[in-house]
Amino acid sequence: MQDIRFFSGEVLPLERHKVRIVQKLNLLPVEERFACLQASKNNLYLLKNRDIFLDMLTDSGVNAMSDRQLAAMMSADDAYAGSETFFELEAVIKDIFGMDHFLPAHQGRGCERVLADLLVKEGDLLPMNYHFTTTRAHIVRCGGEIVELLCEGAEECESTEPFKGNIDTKALADLLATTTRNVPFVRLEAGANLIGGQPFSLANLEETYRICQEHKILLVVDASLLQDNLYLIKKREAAAKDLTIRDICRKIAANSDIIYFSARKFGFAKGGGIVLREGPLVGKLQELIVLNEGFLTYGGMSVREMAAMTVGLEESMDESIISQGPEYIAYMVDELSKRGVPVVKPAGGLGCHLNARGFAPDVPGEEYPAAAVASALYLAGGIRGMERGTLSEDRLPDGREKIASMELLRLAVPRRVFTLSQIRYCIDRVHWLWENRELIGGLRFTREPKILRFFIGELEPTSDWQDKLVAKFRADFGDSL
Ligand SMILES: *Cc1c(COP(=O)(O)O)cnc(C)c1O
């Protein structure tokens, strides 16, 4: 039993760490925020960090490190080949997953690149619960086609289904039984990122593995967001109630052939790697790692990153450490729901996801509702979220917009970074924006790149709605920041 309850009965996520190194934050007045938004062309990727109060863009590479991680970094063993730090990391990973091999990579997409190069051929079919941006790019680059088989209702914003990241195993079994195309592997993504950090269940993984075995097809697990998924299995799946986080990890590994992950998320560090059992794929993957990532005892990571990851992965096996992210997210989801704000439910991992279609129902898909709400929230509180909707898609071949199935503004909760009062500030500003949602208008491109347009594209508001929002903020908050 790891929970701590309050005598008052109040339900609050309690930090299980104390803060010993801090970074000062700046909150600019709303007029200056408006100037920064205009200078960054309404694209929050182009903001300067110093002009942001709460950076909730992502959890990638921005999770707080522990005292033990920093200490380990100081004594890392530097060598091009044969670093002791690598062997320590390898031992921890083999122990966590009970697998034979760990192949290091510089980050998650490095793993995806070598796996796609080895396994995916022109015309192949790749079933999965849901894609991630970099995963899809590498599979498509190698000529593969993705089929998404999410369980029913997974793309509905509000649901009571505890495991919206589950793959539809019946659809998978039917597909594998009938397709005439080559299926190099099935992929299951932990904490399905683009649908709101939604977990899969252990039972779903076990059934998926059974189906894959029956058809002699590899099962690959993307474990980048495994940390939150582990905690949510423990909390939500009756069969896992008495298992430790380590036990759950072992069970996941026992029911998959290959696991890969980004340590920018899993492990409170940077880097990544592939984990698998002995077999004919090992040697071939090693060759691709050496070619693309680096020698087999660093794979593109610095020894300091590897040392931080070794300790960070050990810490990820501690329920009281990994509880903080999902509990903060659940708190945000509950509090915002109480205020009537539309959010993705149930709470998943990674962050709290606002349903931008509910926020700005009159802004058409072609004017990027989630991006518009993201710009409005920066004005409302100096908070940077990430648009996950139509702007993140590419246009159709005929130039029309491809309207995304979900139009979300993600407010990521980097692990161990924020305090509860900062989270409450965020809730407060989102609430204010919700009450003033009729002021939110659309955005249009003034410069639209052909590739990954959301990263460096430039936009402007379709009317003077941002001026009005800033004036309303001033009227409501007086001389407050
Ligand atoms: C972030 C992420 C990746 C890619 O990892 P990088 O370290 O950013 O290259 C792959 N899969 C999922 C699910 C992710 O969240």
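My aim in this report is to walk through the structure given alongside it, one point at a time.

For the protein, the helix and strand inventory stands at 18 helices and 14 strands. In summary, the protein has a C-alpha radius of gyration of 22 Å against a globular reference of 23 Å for 481 residues, a match within 12%. With the C-alpha coordinates of the protein rotated into their principal frame, the extents come out at 65 × 55 × 45 Å. Restricting the contact set of the protein to residue pairs at least 6 apart, pairs at least 24 apart contribute 73%. Separation between the mean location of the 57 positive side-chain charges and that of the 69 negative ones in the protein comes to 2 Å.

Turning our eyes to something else, we now look at the environment of F34. Relative to the assigned elements, F34 resides in helix α1 (residues 30-39). Separated by 348 residues in the primary sequence, F34 and G382 have C-alpha atoms spaced 9.6 Å apart. Dropping the residues within four chain positions of it, F34 is found in contact with L379, Q466, D467 and V470.

Compared with the 21 Å implied by 1.5 Å per residue over 15 residues, the 21 Å span of helix α13 (residues 324-338) between its first and last C-alpha is a close match. Of all the positions in α13, only Q324, G325, P326, Y328, I329, Y331, M332, V333, E335 and L336 are classed as buried. Residues of α13 that are buried sit in contact with α8 (226-236), α12 (319-322), β9 (351-355), β12 (408-412) and α16 (420-435). G340 sits one or two residues past α13 and shows a positive phi near 85 degrees.

One pass over the structure, following the stated rule, counts zero disulfides. Cysteine C142 is unpaired, with the sulfur of C111 as its nearest cysteine sulfur at 15 Å. Considering cysteine sulfurs only, C352 is the nearest to C157, which forms no disulfide, with 11 Å between them.

With that settled, the discussion passes to the pattern of salt bridges. On inspection of all chains with the given rule, the structure shows 38 salt bridges. A network of salt bridges, in which partner residues are shared, links D95, R246, R250 and E314.

In this section: the sheet that holds β9. Strand order in this open sheet of three strands is β9-β12-β11, and the pairing throughout is antiparallel. A single partner strand is all that each edge strand has here, and the edge strands are β9 and β11 (386-388). Each neighbouring strand pair of the sheet contributes to a mean axis angle of 30 degrees, computed without reference to strand direction. Summarising the sheet, β9 and β12 pair through five bridges and their orientation is antiparallel. Paired with G351 across the bridge in β12 is A412. Seen against the sheet, α13 touches β9 and β12 and runs at an angle of roughly 30 degrees to β9.

Parameters and conventions
Residues numbered from 1 in each chain as written. Predicted model: local features only at pLDDT ≥ 70, side-chain atom pairs only at ≥ 80, totals over all residues. Heavy atoms only, no water. Helix = DSSP H or I, 4+ residues; strand = E, 2+ residues; numbered from the N terminus. Rg over C-alpha atoms; globule rule 2.2 N^0.38 Å. Contact = heavy atoms within 4.5 Å. Lys, Arg positive; Asp, Glu negative; His and termini not counted. Charge placed at Lys NZ, Arg CZ, Asp CG, Glu CD. Expected span 1.5 Å × (residues − 1). Buried < 20%, exposed > 50% of the residue type's maximum accessible area, 1.4 Å probe, protein only. Disulfide = S-S within 2.5 Å. Salt bridge = Lys/Arg side-chain N within 4 Å of Asp/Glu carboxyl O. Pairing = 2+ DSSP bridges. Axes fitted to C-alpha atoms, helices over the stretch in contact; angles between N-to-C directions.

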